[in-house]
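# Residue-level structural notes
Here's the letter readout for the chains.
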Amino acid sequence: MSTTEGNARVPVAGDKETGEPAESKGSDLIKFAKKLSKRYRCAGEGKFSLEDYPKDGGSDLGSDGKALAEKVLASSIQSLSEMQDKLYAQDRWSLLVIFQAMDAAGKDGAIKHVMSGVNPQGCEVTSFKAPNAEELDHDYLWRCMKHLPERGKIGIFNRSYYEEVLVVRVHDEILKSEKLPAELFTEDIWKERLNDIGNFESYLNNNGILVVKIFLHVSKKEQKKRFLERIDTPEKNWKFSSSDLKERKYWKEYMDAYEHLIRKTATERSPWYIVPADDKHYARIIVAAAILHALDSMNLSYPTVSKEQVAELQRLKQELLNED
Ligand code: ATP
Ligand code: MG
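One structure accompanies this document, and this report is about it. This one's a predicted model, so the numbers in the text were calculated from it and none came from an experiment.

## Remarks on the site of ligand 1
The environment of ligand 1 is made up of 16 residues, and the closest members are F128, K129, A130, E163 and V167. For the shell around ligand 1, a count of residues per class yields 6 nonpolar, 2 polar and 8 charged.

In structure tokens, the structure reads:
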């Protein structure tokens, strides 16, 4: 898939090319954001190459990019909040949003901003770090399954089972620490894991859980800038760890692993979004649009009330009104 597909442009005030009015309405902004996000969507069709996807899409927003991105994000958050309310009320579908990225690509910020309008009762965020002893005593999906979203809810995975074909693939000493029977360490292991993940997501889809996978595509140059910022800003020191520098040295290996896993696990019902992440504001509107796209595909609506239930409500209302 090429990044020039879709050809969407976010409405810029007074933009001649898009013909948008100077004051774009919220719904127009969302429509454009959703169209824009399609550029970065990979649903498994055609050949996939990470190289075809940009790391900086911010210039698409025009000269007043930051202000416009904030406007688009605010409209998207409002819309997300309304859709989540219906998702919760309907209590049938659920949504799993997976975030994967190199360090400092902006996972935490994207989650914080995009989900800021979501009702905490209907949402759970889980961060997956290196597995502990109990987790290593189980298959790798075990710890993730415990945090799958209930019906009507949104689950956010900050890293996920995809680490099993990323960090574990890049550092095979981790694989050796996983307590697998020795005869299962074969050269097919990555192929098997990717197949299993694909089957697992298909199982989730068949059970009413849609999966949206976000890869925040940051450049090595931008990562360096953000690391330096973390080192130079006392309030950000806590965000930096020496292991971040160690992983940076394996950039190429990680990119190869990402490319392979996206190629093998992107499907229509569980697509990947390769989100340009060098511009945080731009990244957030694409993330929000991707989530909106998935919720939209569920055709959500509030449960309808039968004639009998309406009559019963009226009777109860009278009872309340007749109270002393
Ligand atoms: P931050 O942006 O705060 O750095 P983070 O997601 O990188 O967030 P860390 O605590 O720095 O959080 O890192 C978690 C680490 O755990 C990552 O390096 C990740 O690769 C590692 N990890 C996650 N899952 C696994 C796994 N299954 N096996 C081994 N390591 C894992
Ligand atoms: Mg980290």
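Further notes follow.
## With respect to the sheet that holds strand β5 (residues 209–217)
As summarised here, the arrangement of the 6 strands in space is β1-β6-β5-β2-β4-β3, forming an open sheet in which the pairing is mixed. The open sheet is flanked by β1 (41–42) and β3 (123–127), the only strands paired with a single partner. Where strand β2 (residues 94–101) meets strand β4 (residues 154–158), 5 bridges bridge the pair, whose relative direction is parallel. By the bridge assignment for β4, F99 is matched with N158. Here helix α3 (residues 107–114) sits on the sheet in contact with β2, β3, β4 and β5, set at roughly 150 degrees to β2.

## A few points about unusual backbone geometry
With the exception of glycine, the majority of residues adopt a negative phi angle, and the majority of peptide bonds are in the trans configuration. Unlike most non-glycine residues, A104 shows phi in positive territory, near 65 degrees. Examined against the element boundaries, A104 turns out to sit in the loop between β2 and α3. The class for A104 is buried, based on 23 C-beta atoms found within 10 Å. A positive phi angle is found at R159, which is not glycine, with a value near 70 degrees. Take R159: it is sitting in the loop between β4 and α6 (167–170).

## A few points about the packing of helix α2 (residues 65–90) against helix α12 (residues 280–296)
Relative to each other, α2 and α12 sit at 25 degrees, their axes nearing to 9 Å. Compared by their axis directions, α2 and α12 come out roughly parallel. As α2 packs across α12, the resulting crossing turns out to be left-handed. Mapping the contact onto sequence places K66, A69, E70, V72, L73, S76, I77, S79, L80, M83 and L87 in α2 and H281, Y282, R284, I285, A288, A289, I291, L292 and L295 in α12. Taken together, the residues of the contact of α2 with α12 break down into 14 nonpolar, 3 polar and 3 charged.

## Remarks on the environment of D244
Following the sequence through the fold, D244 ends up in helix α10 (residues 242–248). Classification of D244 as partly exposed rests on a count of 16 C-beta atoms within 10 Å. C-alpha separation for the pair D244 and D103, spaced 141 residues apart in sequence, amounts to 6.5 Å. Residues within four places of D244 in sequence aside, it is in contact with D103 and F227.

## Quick notes on the pairing of strand β6 (residues 272–276)
For β6, a buried count of 5 out of 5 residues is recorded, marking the element as mostly surrounded by other parts of the structure. Alternating positions in β6 separate into two faces, W272, I274 and P276 on one and Y273 and V275 on the other, with burial throughout.

About the cut-offs
- Residues numbered from 1 in each chain as written.
- Chains lettered and ligands numbered in written order.
- Predicted model: local features only at pLDDT ≥ 70, side-chain atom pairs only at ≥ 80, totals over all residues.
- Near = placed C-beta within 6 Å.
- Nonpolar A, V, L, I, M, F, W, Y, C, P; charged D, E, K, R; others polar.
- Pairing = 2+ DSSP bridges.
- Helix = DSSP H or I, 4+ residues; strand = E, 2+ residues; numbered from the N terminus.
- Contact = placed C-beta atoms within 7 Å.
- Axes fitted to C-alpha atoms, helices over the stretch in contact; angles between N-to-C directions.
- Buried ≥ 20, exposed ≤ 12 C-beta atoms within 10 Å, placed from the backbone.
- Parallel < 35°, antiparallel > 145°, perpendicular 65-115°, else oblique.
- Left-handed = near helix turned anticlockwise from the far one by under 90°.

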